[in-house]
Amino acid sequence: MPLKIKNFKYINMLKKFIVLILLGFTFTTQAQDSTQTQKRVKLDGVATVVGKNIVLESEIAAYKLEFEQQSEGKVDISDCEMLEQIMERKLLSHHAVIDSVVVTEAEINQNVEQKIAYFLQQLGSEEKVYNYYGFNDMADLRKEFNEVEKEALMVQKMQRQLTEEVDVTPEEVRNYYKSLEDENNLPEIGAEIELQQIVMYAEPSKEEVERVIDKLKEIKKDVENGSNFKMKAILYSEDPGVTENSGLYTITRESQFVTEFKEAAFSLDEGEMSEPFKSDFGYHILQVEKVKGKQRDARHLLMQPEVTNEQKEKVKDSLENIRTEILKLKISYDDAVVKYSEEKETKANKGLLMNPETNDSKFDLTRMDPTLYARVSTLKKGDVTDVFLDRTREGKEMFKIILMKSKTDAHTADLVKDYVKIQGLALQKKKEETIAKWTKDKIGDTYIKINKDYSNCDFKNNWKKESPQ
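Residues numbered from 1 in each chain as written. Predicted model: local features only at pLDDT ≥ 70, side-chain atom pairs only at ≥ 80, totals over all residues. Heavy atoms only, no water.

Under an unreviewed UniProt entry, the protein has the name Peptidylprolyl isomerase and belongs to Aureibaculum flavum.

## Thoughts on helix 14 (residues 333-340)
Turning to helix 14, its buried residues number three or more, namely Y333, A336 and V337. Projected down its long axis, helix 14 shows its buried positions confined to an angular sector of 105°, all on one face. Considering only its buried residues, helix 14 is in contact with strand 4 (192-201), helix 13 (309-327), helix 15 (344-347) and strand 11 (397-408). (Buried < 20%, exposed > 50% of the residue type's maximum accessible area, 1.4 Å probe, protein only. Helix = DSSP H or I, 4+ residues; strand = E, 2+ residues; numbered from the N terminus. Arc of directions from axis to C-beta. Contact = heavy atoms within 4.5 Å.)

## Some words on the sheet that holds strand 13 (residues 448-450)
The pairing of strands in a sheet comes from backbone hydrogen bonds and takes either a parallel or an antiparallel form. Spatially, the three strands line up as an open sheet ordered 2-1-13, and their pairing is antiparallel. Two strands bound the open sheet, and with one partner strand each, they are strand 2 (53-56) and strand 13. The mean inter-strand angle of the sheet, taken between neighbouring strand axes irrespective of direction, is 15°. The strands touched by helix 3 (residues 57-70) within the sheet are strand 1 (46-50) and strand 2, with strand 2 carrying the most contacts at an inclination of about 60°. (Pairing = 2+ DSSP bridges. Axes fitted to C-alpha atoms, helices over the stretch in contact; angles between N-to-C directions.)

## A word on the layout of surface pockets
The volume enclosed by the second largest pocket comes to roughly 650 Å³. Put simply, the parts of the chain that give the lining of the second largest pocket at least two residues each are helix 5 (105-123), helix 11 (242-245) and strand 8 (295-303). Here the element with the most residues in the lining of the second largest pocket is helix 5; it accounts for three residues. Classifying every residue of the lining of the second largest pocket gives eight nonpolar, ten polar and six charged. (1 Å grid on protein atoms, 1.4 Å probe; cavity = no way out; pocket = protein on both sides within 12 Å on 5 of 7 lines; lining within 4 Å. Points joined across faces, edges and corners; volume = space filled by probe spheres on them. Nonpolar A, V, L, I, M, F, W, Y, C, P; charged D, E, K, R; others polar.)

## Quick notes on the packing of helix 8 (residues 170-182) against helix 17 (residues 419-443)
Where helix 8 contacts helix 17, the two axes come as close as 9 Å, and the packing angle between them is 90°. One element, helix 8, and the other, helix 17, form an angle in the roughly perpendicular class. Seen from helix 8, the contacting residues are P170, E172, V173, Y176 and Y177; seen from helix 17, they are Y419, I422, Q423, L425, A426, K429 and K430. When its residues are assigned to classes, the contact of helix 8 with helix 17 shows eight nonpolar, one polar and three charged. (Parallel < 35°, antiparallel > 145°, perpendicular 65-115°, else oblique.)

## As for the side chain of S274
Position of S274 relative to the elements: it lies in the loop between helix 12 (259-266) and strand 6 (277-279). Exposure remark for S274: the relative accessible area of 7% places this residue in the buried category. If we ignore the near neighbours within four places in the chain, the residues touching S274 are K220, L268, I285 and L286.

## Digging into the sheet that holds strand 8
With antiparallel pairing, four strands are arranged side by side in an open sheet as 5-8-7-6. On the outer flanks of this sheet lie strand 5 (248-251) and strand 6, each paired with one strand and no other. Across the sheet, the mean angle separating the axes of adjacent strands is 45° when strand polarity is ignored. In this sheet, strand 7 (residues 282-292) lies alongside strand 6 in antiparallel orientation, the contact comprising three bridges. Each residue of the ladder has a partner; that of F277, found in strand 7, is H284. On top of the sheet, helix 9 (residues 206-224) reaches strand 7 and strand 8; it is set at about 30° to strand 7, its chief contact.

## Remarks on the packing of helix 3 against helix 4 (residues 79-98)
Between helix 3 and helix 4, the least distance of the axes is 9 Å, while the angle of their chain directions is 110°. With respect to each other, helix 3 and helix 4 are oriented roughly perpendicular. In this structure, helix 3 uses E59, I60, Y63, K64 and F67 to contact helix 4, whose residues at the interface are D79, M82, L83, I86, R89 and K90. Among the residues forming the contact of helix 3 with helix 4, the class breakdown is six nonpolar, no polar and five charged.

## So, the state of the cysteines
Under the defined criterion, the tally for this structure stands at one disulfide. Residue pairing for C80: its cysteine sulfur links by disulfide to C457, the two sulfurs lying 1.9 Å apart. The disulfide joining C80 to C457 has a torsion of about -70° about its S-S bond and is therefore left-handed. Taken together, the positions of C80 in helix 4 and C457 in the segment after strand 13 put the pair 377 residues apart, joining distant regions of the chain. (Disulfide = S-S within 2.5 Å.)

The structure is reproduced here in structure tokens:
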């Protein structure tokens, strides 16, 4: 959310405000609501000093604004509450330096470059990125990113250092569960399911692939003979983003592009054009327009071989026959996955789908992708879906069947059935208590100064170092 301020003395504070939003929370390139854009934010002034770290009033405003957006306005937080959360981070950061917690330049650079690569992919070019967020150039942007990312890593490592030996015994888990039960505060566990799938791809014919490669070679020759590559991309490229960027991307080796694309871009000199190459998205030709240190401005043209309806029907019929064999118990679902499924990622795990948010096989039924939810929500354990057409993120067509491997209805947490979840909650609580105790102890021997504007705040901890009544 770019804020344009003419007074030069506020520029550095503004940058800090922006970077905190970019690196501290989920990034989005969507325009904010007009009422939020027009909201006045006080950008000057020091709210507190914690050790050698200062907290600007702009930071409070930035964190508070993002907190409100993340909670969709359902949770209110005061300036005082927000300030205390920030002071806790500054205290961790300050003592991380004292305790010689090491954060390497390589770690900082890796995180920063990954984030910048994501922003470049979203906005299209370096110039758009630094202009959009009000910086002078990429060097200016990276400098601010490095400072904030360094602090974030210091805080994370300090927290891990404080809690690395924290564990919970079975007795502590039982006591934690009993305390929740006594308070009538047991968590609700949503309906959870496990799914297995068999995937068969609809592949183009060899002749169709050759046709696409020959067309790309023809376009390459035309460009070498003087045709405009940009116009060729606009006319022929099947990359959905071509309407916005005419096929031009700024990339680094850390960019979230497929490996084949990056290898082609970094194997060419400025002005050179690749031969046709294949990726999961289809077939490309690529030209490097500009080399800028570790970045490349590369324009590409993507073409995808067509799969005929006849070829798709053939794949669908094959999977229908496999499904029939499974239902007639002529082959087990696990064996059918191993024998027939063409998806490498799930085949080795007998088709079991993994939840990307939790890295396990359980899916909360109410938080699933709506399309997948519609297909499986009414299935019972052991049921198999009809054959259906789906597409990979790259647009490749495939046919699937999905088995409901297990299904647990929504219920109040049970110590036996949900022990692992309760254990995780108990461990998290113990870690939070460990950090809270450390915070309380360290406040006493850390220099802290609070601006008089916040002297009336009712903090949880004794940040004002008042004598006990």
